[in-house]
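What follows is the residue order along each chain.
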Number of protein chains: 2
Amino acid sequence: MSSGSFKHDLFSQFARVGKALSNANRLELLEFLAQGERGVEELAKVSGLSVANTSQHLQQLRQAGLVTARKQGQHVYYSLSGEDVVQLLGCLRRVAEQHVAEVEKLVNTYLTVKDDLEPLPREELLERARKGLVTVIDVRPPEEYAAGHLPGAVNIPLSELEAHLQELDPEQEVVAYCRGPHCVLAFDAVERLRKKGLKARRLEDGYPEWKLMGLPVESSGPAENNEPQTEKEPAP
Amino acid sequence: MSSGSFKHDLFSQFARVGKALSNANRLELLEFLAQGERGVEELAKVSGLSVANTSQHLQQLRQAGLVTARKQGQHVYYSLSGEDVVQLLGCLRRVAEQHVAEVEKLVNTYLTVKDDLEPLPREELLERARKGLVTVIDVRPPEEYAAGHLPGAVNIPLSELEAHLQELDPEQEVVAYCRGPHCVLAFDAVERLRKKGLKARRLEDGYPEWKLMGLPVESSGPAENNEPQTEKEPAP
DNA sequence: CTAGTATTCAAGTAATTTATTGAATAAATG
DNA sequence: CATTTATTCAATAAATTACTTGAATACTAG
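Rules used throughout
- Residues numbered from 1 in each chain as written.
- Chains lettered and ligands numbered in written order.
- Predicted model: local features only at pLDDT ≥ 70, side-chain atom pairs only at ≥ 80, totals over all residues.
- Heavy atoms only, no water.
- Near = heavy atom within 4 Å.
- Polar contact = N/O pair within 3.5 Å; in protein donor to acceptor, adjacent residues only side chain to side chain.
- Helix = DSSP H or I, 4+ residues; strand = E, 2+ residues; numbered from the N terminus.
- Nonpolar A, V, L, I, M, F, W, Y, C, P; charged D, E, K, R; others polar.
- Pairing = 2+ DSSP bridges.
- Contact = heavy atoms within 4.5 Å.
- Axes fitted to C-alpha atoms, helices over the stretch in contact; angles between N-to-C directions.

Visitor: Could you clarify how one ought to interpret the protein's contact with DNA strand C in this entry?
Guide: Around DNA strand C sit 23 residues in total, of which Asn25(A), His57(A), Ser55(B), Gln59(B) and Gln74(B) are the nearest. Of everything in DNA strand C that lies within 4 Å of the protein, sugar and phosphate atoms constitute 74%. At a separation of 3.0 Å, a phosphate oxygen of DNA strand C approaches a polar side-chain atom of Arg26(A). One of the side-chain N or O atoms of Ser55(B) is found 2.7 Å from a phosphate oxygen in DNA strand C. Breaking the surface near DNA strand C down by element, the ones donating at least two residues are α2 (24-35) and α4 (51-63) of chain A together with α3 (40-47), α4 (51-63) and β3 (75-80) of chain B. Across the surface near DNA strand C, the residue classes tally to six nonpolar, 14 polar and three charged.

Visitor: Help me understand the sheet that holds strand β1 (residues 38-39) of chain B in this model?
Guide: Residue and element names in this part refer to chain B. With antiparallel pairing, three strands are arranged side by side in an open sheet as β1-β3-β2. Every interior strand has two partners, whereas the edge strands, β1 and β2 (67-72), have only one. One ladder, built from six bridges, connects β2 with β3; its direction is antiparallel. Paired with Thr-68 across the bridge in β3 is Ser-79. This element, α4, spans β2 and β3 of the sheet and lies at about 120 degrees to β2.

Visitor: I would appreciate a short explanation of the protein's contact with DNA strand D in the present structure.
Guide: Taken together, 24 residues lie around DNA strand D, and Ser55(A), Gln59(A), Gln74(A), Asn25(B) and His57(B) are the ones closest in. Restricting attention to atoms of DNA strand D within 4 Å of the protein, one finds that 81% of them are sugar or phosphate atoms. His57(B) has a polar side-chain atom sitting 2.6 Å from a phosphate oxygen of DNA strand D. Here a phosphate oxygen of DNA strand D and a side-chain polar atom of Gln60(B) are 3.3 Å apart. Secondary-structure elements contributing two or more residues to the surface near DNA strand D are α3 (40-47), α4 and β3 (75-80) of chain A together with α2 (24-35) and α4 of chain B. Its residues placed into classes, the surface near DNA strand D shows six nonpolar, 14 polar and four charged.

Visitor: For this particular structure, what's the right way to read the pairing of β3(B)?
Guide: Residues in a regular strand point their side chains to alternate faces of the sheet. Residue and element names in this part refer to chain B. Relative to β3, β1 runs antiparallel, the two being bridged by two bridges. Bridging across to β3, Gly-39 finds its partner in Tyr-77. The hairpin turn running from β2 into β3, its antiparallel successor, is two residues long, and Gly-73 in that turn takes a positive phi close to 65 degrees.

Visitor: For this particular structure, what's the right way to read the sheet that holds strand β1 (residues 38-39) of chain A?
Guide: For sheets, the rule is that strands pair by backbone hydrogen bonds, running either parallel or antiparallel. All names here are of chain A. Spatially, β1-β3-β2 is the arrangement adopted by the three strands of the open sheet, whose pairing is antiparallel. Every interior strand has two partners, whereas the edge strands, β1 and β2 (67-72), have only one. Of the strands in this sheet, β2 and β3 are in contact with α4, which crosses β2 at around 120 degrees.

In C-alpha coordinates form, the structure reads like this:
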(Lines give C-alpha, C1' and ligand atoms only; values in the text may rest on other atoms or scores of the structure.)
Protein backbone atom coordinates (compact mmCIF):
# COMPACT_ATOMS: atom_id res chain seq x y z
CA MET A 1 0.00 0.00 0.00
CA SER A 2 1.13 3.52 -0.75
CA SER A 3 0.21 4.90 2.66
CA GLY A 4 2.79 2.62 4.23
CA SER A 5 5.53 4.22 2.24
CA PHE A 6 4.18 7.68 3.08
CA LYS A 7 4.22 6.90 6.75
CA HIS A 8 7.71 5.53 6.56
CA ASP A 9 8.98 8.49 4.54
CA LEU A 10 7.43 10.89 7.01
CA PHE A 11 8.93 9.15 10.01
CA SER A 12 12.28 9.11 8.24
CA GLN A 13 12.11 12.88 8.06
CA PHE A 14 11.23 13.12 11.74
CA ALA A 15 14.13 10.76 12.41
CA ARG A 16 16.48 13.22 10.73
CA VAL A 17 15.68 15.65 13.49
CA GLY A 18 16.12 12.88 16.03
CA LYS A 19 19.51 12.07 14.53
CA ALA A 20 20.60 15.64 14.97
CA LEU A 21 19.82 15.25 18.67
CA SER A 22 21.60 11.92 18.98
CA ASN A 23 25.10 13.20 19.63
CA ALA A 24 26.44 14.88 22.75
CA ASN A 25 28.62 17.33 20.85
CA ARG A 26 25.74 18.50 18.70
CA LEU A 27 23.58 19.01 21.77
CA GLU A 28 26.32 21.09 23.29
CA LEU A 29 26.52 23.20 20.14
CA LEU A 30 22.78 23.69 20.29
CA GLU A 31 23.01 24.87 23.88
CA PHE A 32 25.60 27.46 22.88
CA LEU A 33 23.47 28.55 19.96
CA ALA A 34 20.49 28.93 22.26
CA GLN A 35 22.38 31.85 23.86
CA GLY A 36 22.57 33.63 20.53
CA GLU A 37 24.17 33.69 17.12
CA ARG A 38 27.81 32.54 16.87
CA GLY A 39 30.55 31.94 14.32
CA VAL A 40 32.05 28.56 13.50
CA GLU A 41 35.46 29.15 15.01
CA GLU A 42 33.97 30.54 18.19
CA LEU A 43 31.79 27.47 18.54
CA ALA A 44 34.77 25.23 17.90
CA LYS A 45 36.69 26.94 20.65
CA VAL A 46 34.01 26.81 23.33
CA SER A 47 33.04 23.24 22.52
CA GLY A 48 36.60 21.98 22.28
CA LEU A 49 36.08 20.40 18.87
CA SER A 50 38.23 20.91 15.79
CA VAL A 51 36.97 23.52 13.38
CA ALA A 52 36.34 21.01 10.61
CA ASN A 53 34.42 18.75 12.93
CA THR A 54 32.38 21.64 14.25
CA SER A 55 31.54 22.68 10.72
CA GLN A 56 30.39 19.18 9.87
CA HIS A 57 28.16 18.98 12.93
CA LEU A 58 26.70 22.37 12.11
CA GLN A 59 25.87 21.18 8.65
CA GLN A 60 24.09 18.17 10.01
CA LEU A 61 22.11 20.45 12.27
CA ARG A 62 21.32 22.65 9.31
CA GLN A 63 20.11 19.73 7.23
CA ALA A 64 17.87 18.69 10.07
CA GLY A 65 16.45 22.21 10.08
CA LEU A 66 17.55 23.04 13.61
CA VAL A 67 19.93 25.86 12.76
CA THR A 68 20.30 28.43 10.03
CA ALA A 69 23.47 29.97 8.62
CA ARG A 70 24.05 33.58 7.72
CA LYS A 71 27.11 34.45 5.70
CA GLN A 72 28.70 37.83 6.21
CA GLY A 73 32.02 38.54 4.63
CA GLN A 74 34.24 35.58 5.27
CA HIS A 75 32.39 34.57 8.42
CA VAL A 76 29.40 32.27 8.73
CA TYR A 77 27.12 32.89 11.67
CA TYR A 78 24.88 30.12 12.90
CA SER A 79 21.78 30.41 15.04
CA LEU A 80 18.81 28.29 16.06
CA SER A 81 16.15 28.34 13.40
CA GLY A 82 13.30 29.07 15.77
CA GLU A 83 11.90 29.19 19.26
CA ASP A 84 10.42 25.76 18.72
CA VAL A 85 13.94 24.35 18.73
CA VAL A 86 14.53 25.71 22.23
CA GLN A 87 11.27 24.11 23.23
CA LEU A 88 12.30 20.80 21.71
CA LEU A 89 15.56 20.88 23.61
CA GLY A 90 13.65 21.61 26.79
CA CYS A 91 11.39 18.62 26.17
CA LEU A 92 14.37 16.41 25.56
CA ARG A 93 16.03 17.56 28.76
CA ARG A 94 12.86 17.09 30.77
CA VAL A 95 12.29 13.57 29.50
CA ALA A 96 15.88 12.62 30.22
CA GLU A 97 15.68 14.14 33.70
CA GLN A 98 12.47 12.29 34.37
CA HIS A 99 13.24 8.87 32.96
CA VAL A 100 17.00 8.38 32.64
CA ALA A 101 18.33 7.38 36.02
CA GLU A 102 21.89 8.35 35.14
CA VAL A 103 20.93 12.00 34.85
CA GLU A 104 19.87 12.24 38.46
CA LYS A 105 22.98 10.39 39.54
CA LEU A 106 25.20 12.80 37.60
CA VAL A 107 23.45 15.86 38.94
CA ASN A 108 23.71 14.57 42.48
CA THR A 109 27.40 13.79 42.30
CA TYR A 110 28.55 16.93 40.50
CA LEU A 111 26.07 19.50 41.75
CA THR A 112 26.27 18.63 45.40
CA VAL A 113 24.96 21.98 46.58
CA LYS A 114 21.71 21.27 44.80
CA ASP A 115 19.51 20.36 47.75
CA ASP A 116 20.79 23.24 49.77
CA LEU A 117 20.07 25.97 47.28
CA GLU A 118 16.60 25.49 45.95
CA PRO A 119 16.33 27.32 42.66
CA LEU A 120 14.20 30.42 42.28
CA PRO A 121 11.32 30.13 39.80
CA ARG A 122 10.93 32.70 37.04
CA GLU A 123 7.76 34.24 38.46
CA GLU A 124 9.28 34.80 41.86
CA LEU A 125 12.30 36.49 40.37
CA LEU A 126 10.04 38.83 38.42
CA GLU A 127 8.13 39.72 41.55
CA ARG A 128 11.20 40.33 43.70
CA ALA A 129 12.94 42.25 40.97
CA ARG A 130 9.91 44.53 40.68
CA LYS A 131 10.21 45.27 44.37
CA GLY A 132 13.93 45.94 44.02
CA LEU A 133 14.77 43.15 46.46
CA VAL A 134 17.37 41.31 44.41
CA THR A 135 20.50 41.84 42.35
CA VAL A 136 20.46 39.70 39.25
CA ILE A 137 23.83 38.61 37.87
CA ASP A 138 24.53 36.94 34.55
CA VAL A 139 27.57 34.70 34.93
CA ARG A 140 27.98 33.79 31.26
CA PRO A 141 30.87 35.06 29.16
CA PRO A 142 30.50 38.62 27.84
CA GLU A 143 29.68 37.60 24.24
CA GLU A 144 26.65 35.68 25.36
CA TYR A 145 25.59 38.47 27.70
CA ALA A 146 25.90 40.93 24.84
CA ALA A 147 23.71 38.80 22.58
CA GLY A 148 20.90 39.04 25.09
CA HIS A 149 20.24 38.99 28.85
CA LEU A 150 17.59 39.54 31.49
CA PRO A 151 16.67 43.22 31.92
CA GLY A 152 18.75 44.85 34.60
CA ALA A 153 21.12 41.93 34.99
CA VAL A 154 24.80 42.70 35.61
CA ASN A 155 27.34 40.64 33.71
CA ILE A 156 29.88 39.08 36.04
CA PRO A 157 31.62 36.21 34.27
CA LEU A 158 32.52 33.44 36.66
CA SER A 159 36.25 34.03 36.28
CA GLU A 160 35.90 37.59 37.54
CA LEU A 161 33.46 36.87 40.31
CA GLU A 162 35.81 37.59 43.19
CA ALA A 163 37.00 40.81 41.61
CA HIS A 164 33.47 42.21 41.50
CA LEU A 165 32.42 41.28 45.00
CA GLN A 166 32.42 44.83 46.27
CA GLU A 167 29.79 45.78 43.71
CA LEU A 168 27.30 43.50 45.42
CA ASP A 169 25.26 44.70 48.37
CA PRO A 170 25.77 42.18 51.21
CA GLU A 171 22.26 42.92 52.48
CA GLN A 172 20.54 42.12 49.22
CA GLU A 173 19.95 38.66 47.84
CA VAL A 174 21.89 37.86 44.68
CA VAL A 175 20.30 35.71 41.97
CA ALA A 176 22.60 34.13 39.42
CA TYR A 177 21.62 32.61 36.09
CA CYS A 178 23.47 31.24 33.06
CA ARG A 179 22.84 29.05 30.04
CA GLY A 180 20.22 26.66 31.29
CA PRO A 181 18.90 24.57 34.16
CA HIS A 182 21.92 22.26 34.21
CA CYS A 183 24.64 24.73 33.40
CA VAL A 184 27.31 24.66 36.06
CA LEU A 185 28.15 28.36 35.92
CA ALA A 186 25.34 29.52 38.16
CA PHE A 187 25.83 26.62 40.58
CA ASP A 188 29.45 27.56 40.90
CA ALA A 189 28.71 31.23 41.32
CA VAL A 190 26.18 30.63 44.08
CA GLU A 191 28.54 28.33 45.91
CA ARG A 192 31.35 30.85 45.81
CA LEU A 193 29.15 33.78 46.76
CA ARG A 194 27.82 31.90 49.75
CA LYS A 195 31.34 31.10 50.89
CA LYS A 196 31.92 34.84 50.97
CA GLY A 197 28.91 35.23 53.24
CA LEU A 198 26.48 36.59 50.67
CA LYS A 199 22.87 35.57 50.29
CA ALA A 200 22.82 33.94 46.87
CA ARG A 201 20.40 31.79 44.91
CA ARG A 202 20.19 30.35 41.45
CA LEU A 203 17.48 31.07 38.88
CA GLU A 204 15.61 27.88 38.08
CA ASP A 205 16.50 28.04 34.42
CA GLY A 206 18.71 29.99 32.05
CA TYR A 207 18.48 32.76 29.52
CA PRO A 208 17.04 30.69 26.63
CA GLU A 209 14.12 29.44 28.73
CA TRP A 210 13.41 32.95 29.99
CA LYS A 211 13.30 34.29 26.48
CA LEU A 212 11.19 31.37 25.29
CA MET A 213 8.50 32.26 27.80
CA GLY A 214 8.17 35.64 26.11
CA LEU A 215 9.58 37.51 29.09
CA PRO A 216 11.42 40.76 28.38
CA VAL A 217 15.09 40.66 27.41
CA GLU A 218 17.73 43.29 26.74
CA SER A 219 20.69 43.15 24.43
CA SER A 220 23.72 45.34 24.20
CA GLY A 221 25.84 43.99 21.39
CA PRO A 222 24.77 43.47 17.77
CA ALA A 223 21.05 43.73 17.17
CA GLU A 224 19.03 40.71 18.23
CA ASN A 225 15.41 39.87 17.77
CA ASN A 226 13.76 41.06 20.95
CA GLU A 227 10.06 40.77 20.22
CA PRO A 228 8.25 37.91 21.91
CA GLN A 229 6.16 37.06 18.85
CA THR A 230 7.59 38.19 15.55
CA GLU A 231 5.10 38.56 12.74
CA LYS A 232 6.61 37.71 9.44
CA GLU A 233 5.30 39.85 6.65
CA PRO A 234 6.34 39.51 3.03
CA ALA A 235 8.06 42.56 1.61
CA PRO A 236 5.45 45.11 0.53
CA MET B 1 38.41 20.91 34.42
CA SER B 2 35.90 18.59 36.01
CA SER B 3 32.86 20.61 34.93
CA GLY B 4 33.71 19.88 31.33
CA SER B 5 33.38 16.19 31.91
CA PHE B 6 30.14 16.73 33.81
CA LYS B 7 28.68 18.70 30.96
CA HIS B 8 29.75 16.11 28.45
CA ASP B 9 28.41 13.25 30.53
CA LEU B 10 25.11 15.02 30.94
CA PHE B 11 24.77 15.74 27.25
CA SER B 12 25.67 12.13 26.53
CA GLN B 13 22.66 11.09 28.57
CA PHE B 14 20.44 13.53 26.73
CA ALA B 15 21.88 12.15 23.51
CA ARG B 16 20.70 8.67 24.49
CA VAL B 17 17.17 9.97 24.29
CA GLY B 18 17.99 11.64 20.99
CA LYS B 19 19.37 8.35 19.69
CA ALA B 20 16.13 6.63 20.53
CA LEU B 21 14.39 9.18 18.31
CA SER B 22 16.89 8.85 15.47
CA ASN B 23 15.31 5.91 13.68
CA ALA B 24 12.10 5.85 11.65
CA ASN B 25 11.05 2.41 12.86
CA ARG B 26 11.43 3.39 16.48
CA LEU B 27 9.38 6.52 15.93
CA GLU B 28 6.68 4.40 14.37
CA LEU B 29 6.71 2.09 17.37
CA LEU B 30 6.39 5.10 19.63
CA GLU B 31 3.38 6.31 17.68
CA PHE B 32 1.70 2.95 18.14
CA LEU B 33 2.53 2.96 21.82
CA ALA B 34 1.05 6.43 22.16
CA GLN B 35 -2.33 4.82 21.42
CA GLY B 36 -1.95 2.52 24.40
CA GLU B 37 -0.12 -0.49 25.79
CA ARG B 38 0.80 -3.27 23.34
CA GLY B 39 2.60 -6.61 23.21
CA VAL B 40 5.79 -7.25 21.27
CA GLU B 41 4.32 -9.50 18.61
CA GLU B 42 1.44 -7.12 18.00
CA LEU B 43 3.88 -4.27 17.52
CA ALA B 44 5.97 -6.39 15.19
CA LYS B 45 2.92 -7.14 13.07
CA VAL B 46 1.64 -3.57 12.75
CA SER B 47 5.09 -2.14 12.12
CA GLY B 48 6.11 -4.82 9.65
CA LEU B 49 9.37 -5.63 11.45
CA SER B 50 10.59 -9.03 12.55
CA VAL B 51 9.84 -9.92 16.14
CA ALA B 52 13.50 -10.04 17.15
CA ASN B 53 14.15 -6.68 15.58
CA THR B 54 11.09 -5.16 17.24
CA SER B 55 12.24 -6.51 20.58
CA GLN B 56 15.65 -4.95 20.10
CA HIS B 57 14.20 -1.58 19.23
CA LEU B 58 11.92 -1.74 22.24
CA GLN B 59 14.87 -2.43 24.45
CA GLN B 60 16.68 0.58 23.10
CA LEU B 61 13.61 2.67 23.80
CA ARG B 62 13.48 1.24 27.29
CA GLN B 63 17.12 2.07 27.95
CA ALA B 64 16.47 5.60 26.82
CA GLY B 65 13.64 5.78 29.32
CA LEU B 66 10.92 6.34 26.74
CA VAL B 67 8.96 3.15 27.33
CA THR B 68 8.35 0.75 30.20
CA ALA B 69 7.73 -2.97 30.09
CA ARG B 70 5.21 -4.94 32.09
CA LYS B 71 5.47 -8.70 32.13
CA GLN B 72 2.30 -10.71 32.49
CA GLY B 73 2.39 -14.45 31.97
CA GLN B 74 4.45 -15.10 28.90
CA HIS B 75 3.63 -11.74 27.35
CA VAL B 76 5.51 -8.48 27.75
CA TYR B 77 3.46 -5.34 27.36
CA TYR B 78 5.16 -2.09 26.50
CA SER B 79 3.84 1.42 26.96
CA LEU B 80 5.15 4.98 26.94
CA SER B 81 6.72 5.85 30.26
CA GLY B 82 4.91 9.15 30.63
CA GLU B 83 2.92 11.97 29.15
CA ASP B 84 6.11 13.94 28.68
CA VAL B 85 7.11 11.43 26.00
CA VAL B 86 3.99 12.27 23.99
CA GLN B 87 4.90 15.91 24.39
CA LEU B 88 8.44 15.28 23.21
CA LEU B 89 7.15 13.49 20.14
CA GLY B 90 4.84 16.40 19.46
CA CYS B 91 7.75 18.83 19.70
CA LEU B 92 9.80 16.72 17.35
CA ARG B 93 6.95 16.57 14.83
CA ARG B 94 6.34 20.31 15.06
CA VAL B 95 9.99 21.18 14.52
CA ALA B 96 10.20 18.84 11.54
CA GLU B 97 7.00 20.26 10.07
CA GLN B 98 8.29 23.76 10.54
CA HIS B 99 11.88 23.43 9.40
CA VAL B 100 12.31 20.33 7.26
CA ALA B 101 11.17 21.17 3.75
CA GLU B 102 10.69 17.52 2.79
CA VAL B 103 7.90 17.12 5.30
CA GLU B 104 5.72 19.70 3.62
CA LYS B 105 6.50 18.19 0.23
CA LEU B 106 5.52 14.73 1.42
CA VAL B 107 2.31 15.95 3.02
CA ASN B 108 1.37 17.84 -0.10
CA THR B 109 1.93 14.94 -2.46
CA TYR B 110 0.30 12.23 -0.38
CA LEU B 111 -2.39 14.14 1.45
CA THR B 112 -3.72 16.09 -1.51
CA VAL B 113 -7.06 16.77 0.07
CA LYS B 114 -5.35 18.75 2.75
CA ASP B 115 -6.13 22.29 1.60
CA ASP B 116 -9.70 21.42 0.92
CA LEU B 117 -10.52 20.01 4.30
CA GLU B 118 -9.23 22.31 6.93
CA PRO B 119 -8.90 20.34 10.15
CA LEU B 120 -11.14 21.01 13.11
CA PRO B 121 -9.39 22.24 16.27
CA ARG B 122 -9.95 20.46 19.57
CA GLU B 123 -11.87 23.30 21.19
CA GLU B 124 -14.31 23.59 18.33
CA LEU B 125 -15.01 19.90 18.41
CA LEU B 126 -15.74 20.11 22.12
CA GLU B 127 -18.14 22.96 21.56
CA ARG B 128 -20.00 21.34 18.69
CA ALA B 129 -20.12 18.01 20.44
CA ARG B 130 -21.70 19.68 23.46
CA LYS B 131 -24.42 21.06 21.20
CA GLY B 132 -24.93 17.64 19.61
CA LEU B 133 -24.02 18.93 16.19
CA VAL B 134 -21.48 16.32 15.17
CA THR B 135 -20.92 12.58 15.01
CA VAL B 136 -17.39 11.69 16.06
CA ILE B 137 -15.87 8.57 14.52
CA ASP B 138 -12.66 6.83 15.54
CA VAL B 139 -11.17 5.17 12.47
CA ARG B 140 -8.38 3.28 14.23
CA PRO B 141 -8.37 -0.50 14.61
CA PRO B 142 -10.55 -1.87 17.42
CA GLU B 143 -7.64 -2.67 19.78
CA GLU B 144 -6.56 0.92 19.84
CA TYR B 145 -10.11 2.15 20.24
CA ALA B 146 -10.55 -0.22 23.15
CA ALA B 147 -7.43 1.08 24.88
CA GLY B 148 -8.92 4.58 24.91
CA HIS B 149 -10.94 6.97 22.74
CA LEU B 150 -12.77 10.27 22.78
CA PRO B 151 -15.99 10.18 24.80
CA GLY B 152 -18.96 9.34 22.62
CA ALA B 153 -16.88 8.41 19.59
CA VAL B 154 -18.03 5.48 17.46
CA ASN B 155 -15.37 3.05 16.29
CA ILE B 156 -15.53 2.55 12.54
CA PRO B 157 -12.23 1.09 11.34
CA LEU B 158 -11.34 2.32 7.90
CA SER B 159 -11.79 -1.10 6.30
CA GLU B 160 -15.42 -1.19 7.39
CA LEU B 161 -16.27 2.37 6.59
CA GLU B 162 -18.60 1.68 3.70
CA ALA B 163 -20.43 -1.04 5.63
CA HIS B 164 -21.34 1.41 8.39
CA LEU B 165 -22.48 4.27 6.21
CA GLN B 166 -26.15 3.89 7.05
CA GLU B 167 -25.37 4.50 10.72
CA LEU B 168 -24.34 8.04 9.91
CA ASP B 169 -26.87 10.82 9.68
CA PRO B 170 -26.41 12.54 6.28
CA GLU B 171 -27.57 15.82 7.80
CA GLN B 172 -25.00 15.86 10.56
CA GLU B 173 -21.34 16.65 10.15
CA VAL B 174 -18.99 13.74 10.74
CA VAL B 175 -15.62 14.32 12.42
CA ALA B 176 -12.98 11.63 12.03
CA TYR B 177 -9.81 11.21 14.07
CA CYS B 178 -7.08 8.62 14.36
CA ARG B 179 -3.53 8.26 15.68
CA GLY B 180 -2.15 11.73 15.18
CA PRO B 181 -1.97 14.83 13.01
CA HIS B 182 -0.23 13.05 10.13
CA CYS B 183 -1.94 9.69 10.34
CA VAL B 184 -3.51 8.84 6.99
CA LEU B 185 -6.51 7.01 8.41
CA ALA B 186 -8.62 10.09 9.08
CA PHE B 187 -7.57 11.72 5.80
CA ASP B 188 -8.70 8.64 3.97
CA ALA B 189 -11.94 8.39 5.89
CA VAL B 190 -12.87 12.00 5.20
CA GLU B 191 -12.11 11.63 1.53
CA ARG B 192 -14.27 8.55 1.21
CA LEU B 193 -17.13 9.98 3.25
CA ARG B 194 -17.19 13.09 1.10
CA LYS B 195 -17.34 11.00 -2.04
CA LYS B 196 -20.50 9.49 -0.61
CA GLY B 197 -21.94 12.96 -0.22
CA LEU B 198 -21.54 13.30 3.53
CA LYS B 199 -20.29 16.37 5.34
CA ALA B 200 -17.03 15.17 6.86
CA ARG B 201 -14.03 16.82 8.50
CA ARG B 202 -10.90 15.70 10.23
CA LEU B 203 -9.93 16.46 13.82
CA GLU B 204 -6.75 18.52 13.89
CA ASP B 205 -4.87 15.93 15.88
CA GLY B 206 -5.25 12.39 17.14
CA TYR B 207 -6.09 10.52 20.30
CA PRO B 208 -2.71 10.90 22.06
CA GLU B 209 -2.72 14.68 21.70
CA TRP B 210 -6.30 14.87 22.96
CA LYS B 211 -5.43 12.84 26.01
CA LEU B 212 -2.26 14.84 26.59
CA MET B 213 -4.29 18.03 26.91
CA GLY B 214 -6.09 16.48 29.84
CA LEU B 215 -9.39 16.26 27.95
CA PRO B 216 -11.76 13.46 28.95
CA VAL B 217 -11.29 10.01 27.44
CA GLU B 218 -13.21 6.74 27.66
CA SER B 219 -11.93 3.21 27.45
CA SER B 220 -13.76 -0.02 26.96
CA GLY B 221 -11.16 -2.77 26.95
CA PRO B 222 -8.64 -3.55 29.70
CA ALA B 223 -8.34 -0.85 32.36
CA GLU B 224 -6.37 2.21 31.30
CA ASN B 225 -5.27 5.20 33.22
CA ASN B 226 -8.00 7.75 32.66
CA GLU B 227 -7.18 10.52 35.09
CA PRO B 228 -5.76 13.71 33.61
CA GLN B 229 -3.18 14.13 36.36
CA THR B 230 -2.33 10.95 38.20
CA GLU B 231 -1.03 11.35 41.70
CA LYS B 232 1.37 8.64 42.56
CA GLU B 233 1.15 7.53 46.14
CA PRO B 234 3.32 4.88 47.72
CA ALA B 235 1.44 1.83 48.99
CA PRO B 236 -0.08 2.54 52.42
C1' DC C 1 7.48 -33.62 32.42
C1' DT C 2 6.95 -32.36 27.50
C1' DA C 3 5.52 -29.51 23.84
C1' DG C 4 4.41 -25.02 22.45
C1' DT C 5 4.53 -20.01 22.55
C1' DA C 6 6.47 -15.37 23.50
C1' DT C 7 10.40 -12.99 24.11
C1' DT C 8 15.18 -12.18 24.43
C1' DC C 9 20.09 -13.09 23.52
C1' DA C 10 24.26 -13.69 20.66
C1' DA C 11 26.82 -13.71 16.49
C1' DG C 12 27.59 -11.94 12.06
C1' DT C 13 27.35 -8.76 8.07
C1' DA C 14 26.31 -4.55 5.67
C1' DA C 15 25.66 0.19 6.25
C1' DT C 16 26.21 4.45 8.74
C1' DT C 17 28.50 7.67 11.85
C1' DT C 18 32.43 10.11 14.10
C1' DA C 19 36.61 12.43 14.16
C1' DT C 20 41.08 13.28 11.75
C1' DT C 21 43.77 14.94 8.19
C1' DG C 22 44.99 17.65 4.30
C1' DA C 23 43.33 19.98 0.36
C1' DA C 24 39.90 23.23 -1.87
C1' DT C 25 36.98 27.59 -1.86
C1' DA C 26 35.99 32.14 -1.04
C1' DA C 27 36.32 36.57 0.79
C1' DA C 28 39.46 40.37 2.60
C1' DT C 29 43.96 42.63 2.77
C1' DG C 30 48.32 44.29 1.39
C1' DC D 1 47.73 39.65 -7.94
C1' DA D 2 49.54 37.05 -3.99
C1' DT D 3 48.60 36.15 0.90
C1' DT D 4 46.03 35.47 4.84
C1' DT D 5 41.87 33.92 7.15
C1' DA D 6 37.41 31.43 7.68
C1' DT D 7 34.98 27.77 6.23
C1' DT D 8 33.92 23.68 3.75
C1' DC D 9 35.00 19.40 1.16
C1' DA D 10 37.01 14.71 0.53
C1' DA D 11 39.25 10.65 2.00
C1' DT D 12 40.13 7.69 5.64
C1' DA D 13 40.11 4.55 9.87
C1' DA D 14 37.62 3.30 14.01
C1' DA D 15 33.34 2.79 16.15
C1' DT D 16 28.45 2.14 16.16
C1' DT D 17 23.97 0.74 14.29
C1' DA D 18 20.38 -2.05 11.84
C1' DC D 19 18.76 -6.20 10.56
C1' DT D 20 19.06 -11.33 10.02
C1' DT D 21 19.52 -15.86 11.69
C1' DG D 22 19.48 -19.45 14.97
C1' DA D 23 19.74 -20.61 19.72
C1' DA D 24 18.44 -19.75 24.69
C1' DT D 25 15.15 -18.55 28.26
C1' DA D 26 10.72 -18.30 30.59
C1' DC D 27 6.26 -19.21 31.12
C1' DT D 28 1.70 -22.09 29.97
C1' DA D 29 -0.93 -25.93 28.94
C1' DG D 30 -1.60 -30.61 28.18
